[in-house]
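# Descriptive structure summary
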Amino acid sequence: MSRFSLAVHGGAGTINKASLTPDLEVRYHDGLRTALQAGHDILQQGGSAMDAVTAAVCALENEPLFNVGRGAVFTSEGVQEMDAAVMDGRTRAAGAVGGIFGPRNPVLNARAVMENTEHVMLIGPNALQIAREAGLPFEEAPYFFTQARWDALQSTLAMRASGQEDDDPARRHGTVGAVACDTQGNLAAATSTGGMTAKAPGRIGDTPIIGAGTFADNETCAVSGTGHGEVFIRYNAAAEIAARMRHAGESLVDAAHHVVMEDLGKHDGSGGLIAVDAQGHVTMPFNCEGMYRGMVNENGNFETSIHAGPETR
Ligand code: ASP
């Protein structure tokens, strides 16, 4: 059988072992596993990396546990604004949306921008118009609402009011993403997020910025990031991995490690990323306590992990 690889993430941060009940832990693993299965089934049948990453991210967007789509975090004004992007490593075609609310699957809105317009990024109502024209399903506010995210907003706002910054990344943010190498050796990446709890209205993070939170090029790698978005943008995190591979001849693993540990890790850029190269190598480094993540390849071994160390399932 031809080789393929798929990796997914569901956000990174201080994933407190104490607050992660056994039941919740199982649900996270199940959510990641469902996403991997969706992408795996496409790749196994010879489908494209782009279709696989889109399907995997849709599964994560539909799962309220993750900060994306259903279950997205709230801005300081109590609304949800979502960002998403896709990139196709064959052609470097890309599509992105910022600050949207309504489409059930923001990643499909990003893909519609890539496929149906001559632009890379659209925001707000104009992005939504592309989703409508593509016939994508929309949902109302109650579908996207979760009490846990609402409560997180209230506690972040209360801390802010008392002059304290909320430094718990687990509560503050989260993102989902997928990268794949298909049986043809084509790469793709997709990332989707609700952003950061209590972010300013209109704030756009790294997720839809091509080269920052999302990147794919068959010559080097496909990358999807999660973490402190402003730092990912300033360090051009995803594209920097590709640049290190192309210009310095570094391996995927070395390039990704450098960006996560040095560029991001030493500059307040808490987070991590998943990346794959055209040989199907996968790496999933993070510089914080944990990252919801998983991978599968043509051997059909599904692995999902949350913290560092030997708790892979
Ligand atoms: N990177 C995302 C953002 O800044 C948040 C996250 O991944 O946790 O919007």
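Here the structure is shown first, and the text comes after it.
Residues numbered from 1 in each chain as written. Predicted model: local features only at pLDDT ≥ 70, side-chain atom pairs only at ≥ 80, totals over all residues. Heavy atoms only, no water.

## A few points about helix α6 (residues 147–161)
To keep things clear, this is the line we draw: Each helix is a run of H or I in the DSSP string that is no shorter than four residues. Each strand is a run of E no shorter than two, and both are numbered from the N terminus. The span expected for a helix works out to 1.5 Å for each residue beyond the first. Relative accessibility decides the category of a residue: with a 1.4 Å probe and only protein chains considered, values under 20% of the type maximum give buried, values over 50% give exposed, and everything between is partly exposed. In this description, the arc belongs to the directions extending from the helix axis to the C-beta atoms.
Given a rise of 1.5 Å per residue, 15 residues ought to cover 21 Å, and the 21 Å separating the end C-alpha atoms of α6 matches this to within 8%. Among all positions in α6, only Arg149, Ala152, Leu153, Thr156 and Met159 are buried. Along the axis of α6, the buried positions cluster into a sector of 130°, meaning they face one direction only. A positive phi of about 85° marks glycine 163, the residue just after α6.

## Digging into the pairing of strand β2 (residues 82–88)
In plain terms, the rule: Two strands make a pair as long as DSSP finds a minimum of two bridges between them.
Burial analysis of β2 places 7 of its 7 residues in the buried class, which makes it a mostly covered element. Of the two faces of β2, the one lined by Met82, Ala84, Val86 and Asp88 and the one lined by Asp83, Ala85 and Met87 are each fully buried. When β2 meets strand β3 (residues 93–100), the two strands line up antiparallel, connected through 6 bridges. The partner of methionine 82 across the bridge, within β3, is isoleucine 100. The antiparallel hairpin formed by β2 and β3 contains 4 residues in its connecting segment, where arginine 92 sits at a positive phi of about 65°.

## Here we look at the state of the cysteines
For clarity, the cut-off: The disulfide criterion is simple: two cysteine sulfur atoms within 2.5 Å.
In the structure shown here, the tally under the stated rule is 0 disulfides. In this structure cysteine 288 is not part of a disulfide, and its nearest cysteine sulfur, from cysteine 221, lies 20 Å away.

## Describing the packing of aromatic side chains
Counted only if it meets this: Side-chain rings of Phe, Tyr and Trp, where Trp is taken by its six-membered ring, are said to pair if the distance between their centres is within 6.5 Å; with planes under 30 degrees apart they count as stacked, over 60 as edge-to-face, and otherwise as tilted. Placement of a charge over a ring requires the Lys NZ or Arg CZ to be within 6 Å of the ring centre, with the centre-to-atom vector within 35 degrees of the ring normal.
Counted according to the given criterion, the structure contains 8 aromatic pairs. An aromatic cluster of three or more residues is present, and its members are Tyr28, Phe66 and Tyr292. Over the aromatic face of phenylalanine 302 sits the side chain of arginine 33, whose NZ or CZ is 3.8 Å from the ring centroid.

## Remarks on the pairing of strand β6 (residues 187–193)
Most of β6 sits inside the fold, with 7 of its 7 residues counted as buried. Where burial is concerned, the two faces of β6 agree: the one with Leu187, Ala189, Thr191 and Thr193 and the one with Ala188, Ala190 and Ser192 are both buried. Linking strand β5 (residues 176–181) to β6, which pair antiparallel, is a turn of 5 residues; within it glycine 185 sits at a positive phi near 80°.

## Regarding a nonpolar patch on the surface
Convention followed: What makes a patch is a set of residues exposed beyond 30% relative accessible area and free of salt bridges, joined within 9 Å when like-charged and within 5 Å when nonpolar (Val, Leu, Ile, Met, Phe, Trp, Tyr). Only the protein chains shown count as covering a residue, and every accessible area follows the Shrake-Rupley method with a 1.4 Å probe. What counts as a salt bridge is simple: a side-chain nitrogen of Lys or Arg found within 4 Å of a carboxyl oxygen of Asp or Glu.
The grouping of Val120, Met121 and Ile123 at the surface amounts to a nonpolar patch, some 250 Å² of accessible area in total. Turning to its location among the elements, methionine 121 is positioned in strand β4 (residues 121–123).

## Some points on the sheet that holds strand β8 (residues 221–227)
Reading across from one edge, β7-β8-β9-β10 is the order of the 4 strands in this open sheet, with antiparallel pairing throughout. Strands at the two margins of the open sheet, each flanked by one partner only, are β7 (214–216) and β10 (282–283).

## Details of the environment of glycine 300
Here glycine 300 is to be found in the loop between β11 (290–297) and β12 (303–307). Of the residues examined, glycine 300 reaches a relative accessible area of 31% and is grouped as partly exposed. Considering only alpha carbons, one finds glycine 300 and glutamine 37, 263 residues apart in sequence, at a separation of 9.4 Å.

## Topic: the pattern of salt bridges
Counted by the stated rule, this structure contains 10 salt bridges. Salt-bridge contacts for arginine 111 lead to aspartate 51; the nearest nitrogen and oxygen are separated by 2.9 Å. Of this pair, arginine 111 sits in helix α3 (residues 106–116) while aspartate 51 sits in helix α2 (residues 49–61), and the two are 60 residues apart along the sequence. Residue arginine 111 is classed as buried on the basis of its relative accessible area, which comes to 15%. Given the relative accessible area of 33%, aspartate 51 is considered partly exposed. Among the charged side chains, a network of salt bridges with common partners joins Asp51, Arg111 and Glu115.

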